[in-house]
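One-letter residues, chain by chain:
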Amino acid sequence: MTATVRSSVSGLVRSGVAFFALLLSTTWLATAAVHAQRAGKRGDILPAVTLADVKIQRMNQRVAAVGSGRARQQVTLTTRVAGVIDKVMFEGGQLVEANQGLVQLNADTEAIAVETAQAQRAQAADTVARYKQLNEGTVTKVAVAEADTALKVADATLRKAKDELDRMTIKAPFKGIMGLSNLQAGDYLAVGNPIATIDDRTTILIEFTVPEAVASSMKVGLPVRANLITRSGEIIEGKIQAVGTRIDPVSRTLAVRAEIPNPDLKLIPGSTFSISVQLPGQDSPVVPALAIQWDKKGAFVWRVSDKNTVERVDAAILDRNGDRVYIDAQLKAGDKVVKEGGSSLRDGQTVRPQSS
């Protein structure tokens, strides 16, 4: 009886051990199969991406501004002497030449003064000539010296009289277009009274301001493009003529003056112009806009190695031109970056390039 019980217990133990061993074996095989399947997925299915070549191009930056134009030379004419107007010899809008007479003041008194000075000068010159014809013993040296002095005084008096007569005619200081005037013959002009404006429009100067950020790039001679606000389709090429020396502490801008040609005199001083300044560019890497990725550290791109692994390269965006982005990054021409498919990559990951 006892032997029979022991035999039964021993059989049950052997059966339990065998069942447990079978269970462990089955579990291990199932786990191994799962790991093998996952490993197969990681090894066979890599992230698909499209690539783009990095190009190095010159970044052309333009600064836009609005400015007011004025004539290259523009003054308001006045008179240095007082007098009554005899004749007005110009009309508003007329193109006059340099030194052309504009207003004639009554100059009867000045003309008489010139005639008197001419007579005195002729008398003094005749005395000097007669003394030179006489022998040295006939006329003293003192008399000769006095005659020479009298001639010099007569010359000076004549020049002064002619200058005063010349001032009675108000002339154009340069070639330009006359402004409107209400003067007419018989009007009295006091010293300093305005006569009319005159503008030299052959060149138009445009004054505008640029932000402090580009102030250091403003140089004399830089090309500019200007167009009238009222005629946006007409572009006029010019250049920077002068640059201010100080940043305005309130607006944080720099004053700049450009000049544009106006040979047909169609442009009118005081008009408003739109100005565009082409700044000297710098060579920068250019990538497609889709290649730019963002995270909490900022912008970056994925550079792809020869072994198709990706490397993060930080980038600072300098400018955009359509779907191209100029960046400041440690990239060189010919480098390949991920264009599409880079949103879920990690540094060092292997990718599977696809044709775009």
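Everything that follows concerns the structure shown earlier in this document.
What follows deals with the overall build of the protein chain. Each helix and strand counted, the protein chain has 3 helices and 19 strands in total. Of the contacts made within the protein chain by residues no fewer than 6 positions apart, 75% connect residues no fewer than 24 positions apart. Accessible area for the protein chain stands at about 22300 Å²; split by element, carbon and sulfur atoms hold 52% of it.

Now for the sheet that holds strand β6 (residues 169–171). The antiparallel open sheet is built from 4 strands, whose spatial order is β6-β5-β3-β8. The open sheet has two free edges, formed respectively by β6 and β8 (188–189), since each of these has just one partner strand. Note: strand β5 (residues 101–105) against β6, 3 bridges, orientation antiparallel. From the neighbouring strand, Q104 faces β6, where its bridge partner is T169.

Attention now goes to the pattern of salt bridges. One pass over the full model with this rule turns up 19 salt bridges. Between R121 and D155 there is a salt bridge, with the nearest N and O atoms lying 2.5 Å from each other. Remark: D155 occurs in helix α3 (residues 141–166) and R121 occurs in helix α2 (residues 108–133); sequence separation between them is 34 residues. Accessibility expressed as a relative area gives 31% for R121, which makes it partly exposed. A residue is classified by how much of its surface remains accessible, and D155, at 22% relative accessible area, is partly exposed. R312 is paired through a salt bridge with D314; the nearest N and O atoms lie 2.9 Å apart.

This brings us to the pairing of strand β2 (residues 55–78). Here 13 bridges tie β2 to strand β13 (residues 272–288), and the two strands are oriented antiparallel to one another. Considered in β13, the bridge of K55 is made with V286. When β2 meets strand β9 (residues 194–211), the two strands line up antiparallel, connected through 10 bridges. When the bridges of β9 are listed, S68 appears paired with E207.

The rules behind the values
Residues numbered from 1 in each chain as written. Predicted model: local features only at pLDDT ≥ 70, side-chain atom pairs only at ≥ 80, totals over all residues. Heavy atoms only, no water. Helix = DSSP H or I, 4+ residues; strand = E, 2+ residues; numbered from the N terminus. Contact = heavy atoms within 4.5 Å. Areas by Shrake-Rupley, 256 points an atom, 1.4 Å probe, with all protein chains shown as cover. Pairing = 2+ DSSP bridges. Salt bridge = Lys/Arg side-chain N within 4 Å of Asp/Glu carboxyl O. Buried < 20%, exposed > 50% of the residue type's maximum accessible area, 1.4 Å probe, protein only.

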